[in-house]
Amino acid sequence: AQKVTQAQTEISVVEKEDVTLDCVYETRDTTYYLFWYKQPPSGELVFLIRRNSFDEQNEISGRYSWNFQKSTSSFNFTITASQVVDSAVYFCALSVGDYKLSFGAGTTVTVRA
Amino acid sequence: DSGVTQTPKHLITATGQRVTLRCSPRSGDLSVYWYQQSLDQGLQFLIQYYNGEERAKGNILERFSAQQFPDLHSELNLSSLELGDSALYFCASSVGSEGTQETQYFGPGTRLLVL
């Protein structure tokens, strides 16, 4: 069975601070995919990033960056220089090729002006 | 805007009733997925259709059913509604290629309240 754990329930920061969201996953499959989605107060789910298990290269995309480490089964996500518009619930998700996404419980990020 | 549309946006109904939620996937996408988001269960996968055929099933109750039509839009039918069915129901779509996990793009959701 697949499992995604987001241990941080809530994070509150002041604008321009960096925010790192933790995600730990469990799977016995060697091929899998990891995702981050954002759910702003308006309610929709917005796709942010995707990584497959064969690509551990960490990248930066604008103010977003991620750290994928298979050795610790972690897929952490960082928002640099946070802004008020980054306030949302962030979900980490795992898929092992059976097409469904298994989501973590989510981390609520509040960015204060 | 993901390109996935869902109607209605909000739905209020009574216990025991039946409702239909509708989803139109992004242009060119063949796969449609349904998810339920509730306070106690979080985000849970319900069911997936690919080009009109059921492809995968999750924790979907027997009172719930879905289908995908030839024009690729999908409907999720919820019957004999209970208070606990109150939730946000999301539809997502992807291209539907075999052998790879594609990114699923989500619609805005339908918020169902059962009174």
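Residues numbered from 1 in each chain as written. Chains lettered and ligands numbered in written order. Predicted model: local features only at pLDDT ≥ 70, side-chain atom pairs only at ≥ 80, totals over all residues. Heavy atoms only, no water.

Caption draft 1: A look at the interface of chain A and chain B. Taken together, the contact between chain A and chain B spans 17 residues of the former and 21 residues of the latter. Between chain A and chain B, a total of about 1600 Å² is buried, with carbon and sulfur atoms accounting for 58% of that surface. Three residues, Leu45(A), Tyr99(A) and Phe103(A), lead the burial of chain A against chain B; their summed loss comes to 40% of the area buried on that side. Scanning the region where chain A abuts chain B turns up zero salt bridges. Viewed at the interface, chain B and chain A are joined by three residue pairs in polar contact (both at pLDDT 80 or more). Listing elements by their share of the side of chain A that touches chain B, those giving two or more residues are strand 5 (33-39), strand 6 (46-52) and strand 10 (88-95) of chain A. Of the residues forming the side of chain A that touches chain B, the biggest block, four residues, is contributed by strand 5 of chain A. Residue composition of the side of chain A that touches chain B, by class: nine nonpolar, four polar and four charged. (Contact = heavy atoms within 4.5 Å. Buried area = accessible area lost by both parts, 1.4 Å probe. Salt bridge = Lys/Arg side-chain N within 4 Å of Asp/Glu carboxyl O. Polar contact = N/O pair within 3.5 Å; in protein donor to acceptor, adjacent residues only side chain to side chain. Helix = DSSP H or I, 4+ residues; strand = E, 2+ residues; numbered from the N terminus. Nonpolar A, V, L, I, M, F, W, Y, C, P; charged D, E, K, R; others polar.)

Caption draft 2: Region of interest: unusual backbone geometry. Of note, the bond from Thr7(B) into Pro8(B) is cis; its omega dihedral lies within 30 degrees of zero at -10°. The backbone of Ser73(A) shows a phi angle near 50°, a positive value even though the residue is not glycine. Within the secondary structure layout, Ser73(A) lies in the loop between strand 8 (64-69) and strand 9 (74-79). The class for Ser73(A) is partly exposed, based on a relative accessible area of 24%. A positive phi angle, near 50°, is found at Asn51(B), a position not held by glycine. Relative to the elements of secondary structure, Asn51(B) occurs in the loop between strand 5 (42-50) and strand 6 (53-57). (Buried < 20%, exposed > 50% of the residue type's maximum accessible area, 1.4 Å probe, protein only.)

Caption draft 3: Main features of the pairing of strand 3 (residues 19-24) of chain B. Residue and element names in this part refer to chain B. Alternating positions in strand 3 separate cleanly, Val19, Leu21 and Cys23 being buried on one face and Thr20, Arg22 and Ser24 remaining unburied on the opposite face. In this sheet, strand 3 lies alongside strand 1 (residues 5-7) in antiparallel orientation, the contact comprising three bridges. Note on strand 3: the bridge partner recorded for glutamine 6 is cysteine 23. The sheet contact formed by strand 3 and strand 8 (residues 74-78) spans five bridges and is antiparallel. If you follow leucine 21 over to strand 8, its bridge partner there is leucine 76. (Pairing = 2+ DSSP bridges.)

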